[in-house]
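Summary of the model geometry
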Amino acid sequence: MSWSIADVARMSGVTARTLRHYDDIGLLEPACVGANGYRYYEQEQLLRLQQILVLRELGLSLAEIAQAVDSEPDTLAALKRQHIRLLGERDRLARMADTVARTIAELEGKTEMTVEINRPENLFEGFDHTQYDDEAREHWPEEFEQSRRNTATMTAEDVERMQRELTAAMIRMAEFMAAGTPVDDVAVQAEIDTQYQGICRFWTPNRDAYKCLGQMYVDDERFKANYEKIAQGLAEYQRDAMVVYAEERLGE
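The text that follows walks through the structure, step by step, so that each part is easy to find. (Residues numbered from 1 in each chain as written. Predicted model: local features only at pLDDT ≥ 70, side-chain atom pairs only at ≥ 80, totals over all residues. Heavy atoms only, no water.)

1. Some points on the sheet that holds strand β2 (residues 32–33)
Taken together, three strands build an open sheet; the order of strands is β1-β3-β2 and the sheet is antiparallel. Every other strand in the sheet has two partners, leaving β1 (3–4) and β2 as the edge strands with one partner each. (Pairing = 2+ DSSP bridges. Helix = DSSP H or I, 4+ residues; strand = E, 2+ residues; numbered from the N terminus.)

Dropping the structure here:
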């Protein structure tokens, strides 16, 4: 059985324009193209589309999605792996929701907030990340070259998405700090793990490098200024949480 592009768009919620784009970049090719020029999809393509949508919800770029689905020819095995990732994300969000709920309860019982949190949509919009190249090259020369190679493939859309994710992560850490959550709390450490995995998309810091990175957020005025734009004391809170993560989770 096959479905037209209009059928697939209706079933999946993905626009026909997006499906055509996926075809153009080789991410999701139709099973066949009719004499009328219409694209038709079969079950194999629908399963692939499901994987694409799952990975997109997990925040992967189209290039990362293509690599992920192409590296696992066994559809069932791929879906099982993605299911595990979704369960992990569900648990992480549940822990975050509990923390935010505690924050709300505390704030409702106070006449004044002890920590003021700013929530910019994108703290790094128009941000020139190359201003840190000299420090990165000095501290981690090999990792810097690896990161530069990886970032060279990023589109403007990828950079903007990454910047928004970074801003959102900083806000989540500020909410933990405002709630008085200890840096070794499981929810805080789950957030740090998500941030660490994001860094590993570009380079993989070991224990000392990750602790050094956290200290740089405090010592470097440019880094600290960005954290202070969200909340006072956030750079130190982030650093302390990173130290706990490094000591418990990372090798030398």
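From this point, things continue past the structure.
2. Details of the pattern of salt bridges
In the structure shown here, the tally under the stated rule is 11 salt bridges. Salt-bridge contacts for D70 lead to R48; the nearest nitrogen and oxygen are separated by 2.9 Å. Of this pair, D70 sits in helix α4 (residues 62–70) while R48 sits in helix α3 (residues 43–57), and the two are 22 residues apart along the sequence. Note that E64 is salt-bridged to R201, the shortest N-O span being 3.2 Å. Taken together, the residues E64 in helix α4 and R201 in the loop between α9 (186–199) and α10 (207–219) connect sequence positions 137 residues apart. A relative accessible area of 24% places E64 in the partly exposed class. The exposure class assigned to R201 is partly exposed, which follows from its relative accessible area of 31%. Among the charged side chains, a network of salt bridges with common partners joins D23, D24 and R39. (Salt bridge = Lys/Arg side-chain N within 4 Å of Asp/Glu carboxyl O. Buried < 20%, exposed > 50% of the residue type's maximum accessible area, 1.4 Å probe, protein only.)

Taken by themselves, the reported measurements are silent on function.
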